[in-house]
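# Topology and contacts: notes
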Amino acid sequence: MIGAEFGGPMVNGPQARAARLAAFLDDRFGMEACDEASISRALLHVAEKDGMDEVAKACGVGPATLRRQLNGAFPLYVVTLLQVTRALGLQLRVEVKHETRR
């Protein structure tokens, strides 16, 4: 209960896990070379690390189907993106891009 004693989430609790997943995806989405296929593959990686069976079940498909949808070879549909992020306990947001001046 050390994390709770200091008012923060438990190190391995659901909130901490979701924060790590969000940080990983945020880093990938913010990359200059980010495209549809790289987003798909990042979601696939996170779903596999978090438990593909549970994520696929929450999305209403089988694990093999979700892997095919996220392997980067097919279009990533918004509904799939939303289902996977919600299954992971995450939500999407949009923010202003901060550009560096030269």
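See the structure above.
First, a word on scope: everything that follows refers to the structure included in this document. (Residues numbered from 1 in each chain as written. Predicted model: local features only at pLDDT ≥ 70, side-chain atom pairs only at ≥ 80, totals over all residues. Heavy atoms only, no water.)

### Let's talk about the environment of Leu-21
Heads up, the condition is: The helix count covers DSSP runs of H or I at least four residues long, the strand count covers runs of E at least two residues long, and both are numbered beginning at the N terminus. For every residue, the accessible area (1.4 Å probe, protein chains only) is compared with the maximum for its type, and the residue is labelled buried under 20%, exposed over 50%, or partly exposed between those bounds. Every residue pair with non-hydrogen atoms within 4.5 Å of one another is taken to be in contact.
Following the sequence through the fold, Leu-21 ends up in helix α2 (residues 14–29). On the basis of relative accessibility, which here comes to 11%, the residue Leu-21 falls in the buried class. For Leu-21 and Leu-90, which are 69 residues apart along the polypeptide, the C-alpha to C-alpha distance reads 8.2 Å. Apart from the residues lying within four places of it in its own chain, the contact partners of Leu-21 are Val-46, Asp-50, Leu-88 and Leu-90.

### Remarks on the nonpolar core
Here is the rule: Remark: nonpolar core denotes a set of buried residues (Ala, Val, Leu, Ile, Met, Phe, Trp, Tyr, Cys) joined through side-chain atoms within 4.5 Å.
Grouped together as the largest cluster of nonpolar side chains are 20 residues, with contacts concentrated most on Leu-43, Val-55, Leu-66, Leu-70, Val-84 and Leu-88. Mapped onto this core, the elements with two or more residues apiece are α2, α3 (36–50), α4 (52–59), α5 (63–70) and α6 (78–87). Broken down by element, this core gets its largest block of residues, six residues, from α3. Ignoring any residue separated from it by four or fewer positions in sequence, one finds Leu-88 in contact with Arg-17, Ala-18, Leu-21, Val-46, Ala-47, Asp-50 and Val-55.

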